[in-house]
Every structure is written in C-alpha cells, then in structure tokens.
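Listed below are the residues making up each chain.
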Amino acid sequence: ELPLLTIGSQFQGANNNLIGQQATREVFLAIAEIVELHVVRRTKEQLTLKNASGREVTIVLANDPDVRVIEQVGTVLHKKLAIEIKGGTDKSN
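Cut-offs applied
Residues numbered from 1 in each chain as written. Predicted model: local features only at pLDDT ≥ 70, side-chain atom pairs only at ≥ 80, totals over all residues. Heavy atoms only, no water. Pairing = 2+ DSSP bridges. Helix = DSSP H or I, 4+ residues; strand = E, 2+ residues; numbered from the N terminus. Axes fitted to C-alpha atoms, helices over the stretch in contact; angles between N-to-C directions. 1 Å grid on protein atoms, 1.4 Å probe; cavity = no way out; pocket = protein on both sides within 12 Å on 5 of 7 lines; lining within 4 Å. Points joined across faces, edges and corners; volume = space filled by probe spheres on them. Nonpolar A, V, L, I, M, F, W, Y, C, P; charged D, E, K, R; others polar. Core = buried A, V, L, I, M, F, W, Y, C linked by side-chain atoms within 4.5 Å. Buried < 20%, exposed > 50% of the residue type's maximum accessible area, 1.4 Å probe, protein only. Contact = heavy atoms within 4.5 Å. Salt bridge = Lys/Arg side-chain N within 4 Å of Asp/Glu carboxyl O.

A. Quick look at the sheet that holds strand β4 (residues 67–73). Taken together, five strands build an open sheet; the order of strands is β1-β2-β3-β4-β5 and the sheet is antiparallel. Each edge of the open sheet carries a strand with a single partner, namely β1 (39–42) and β5 (76–83). Neighbouring strand axes in the sheet, compared pairwise and without regard to direction, differ in orientation by 20° on average. Where strand β3 (residues 56–61) lies against β4, six bridges are found, and the strand directions are antiparallel.

Okay, structure coming up:
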C-alpha cells in the first residue's frame, strides 16, 4: 500500500524538476541576450565576458545557487552574485 501512496509524489517531483530545468534554461538565455555584446566565450552552461574595467566575468549555471556570477581580479575570484531560480506556478514561486 505504501508504494501506491507515494507514487503521486514521485510523479509530481519529476514534473517539478522539468519545470525547474525549463525555467533555468529560459533565465540563462535571457541573461545571455542581455550581455551578448560583451561575451568572449560561451558554452552550454557558462558565459565569459569582459566588463567595462576589462576584467573577466563568468556567469555559470550550477545546482545551488542556480546562477553564479564571478569576477576575476588578477588571480583572485570574487563571487559577485548568486541567483536562485524558482520556476513553479504555486504562490511561493
């Protein structure tokens, strides 16, 4: 009986993962469009650009947080921004 009680939760969890993945792709594409004039390298999950100071800034898709922005100053990496993407349709998102 227990497996029957949890199967709905399993289906909902899988659906939530799909919603989150789609939201992450859309946010990354929006960010890429905003910074496209400054991008020097691009992969499926990372954008590297030069900022106005000539320093390298990397925008990375990750698990937690979902998007990280890191600026390199000399040999030191500075974490500038973390974005947590909420893609669901309930009130909390």
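B. Here's a closer look at the layout of surface pockets. By volume, the largest pocket is sized at about 590 Å³. Asn17, Gly20, Gln21, Thr24 and Arg25 are, among the 22 residues lining the largest pocket, the residues nearest its centre. Top element by residues in the lining of the largest pocket is helix α1 (residues 2–35). It accounts for nine residues. When grouped by side-chain class, the residues that make up the lining of the largest pocket number six nonpolar, 10 polar and six charged.

C. Local environment of the nonpolar core. One finds Ile31, Val35, Leu47, Leu49, Ile59 and Val67 to be the most contacted residues of the largest nonpolar core, which totals 13 residues. Elements supplying a minimum of two residues to this core: α1, β2 (46–50), β3 and β4. Ranked by the residues each element gives to this core, the list is headed by α1, at five residues. Discounting residues that sit within four places of it in the chain, isoleucine 59 has contacts with Phe28, Ile31, Val35, Glu45, Gln46, Leu47, Leu49, Val67, Arg68 and Val69.

D. Here's a closer look at unusual backbone geometry. Of note, the amide linkage connecting aspartate 64 to proline 65 takes the cis form, showing an omega dihedral of 0°. Along the polypeptide, proline 65 turns up in the loop between β3 and β4.

E. Representation of the pattern of salt bridges. For the coordinates displayed, the defined rule picks out three salt bridges. As a salt-bridge pair, glutamate 56 and arginine 41 come within 3.4 Å of each other at their nearest N and O atoms. Placement of glutamate 56 in strand β3 and of arginine 41 in strand β1 is noted, with a sequence separation of 15 residues between them. Two residues, glutamate 71 and arginine 55, come together in a salt bridge whose shortest N-O distance is 2.9 Å. Taken together, the residues span a long stretch of sequence, with glutamate 71 in strand β4 and arginine 55 in the loop between β2 and β3 at a distance of 16 residues.

All quantities given are derived from atomic positions and should not be read as evidence of function.
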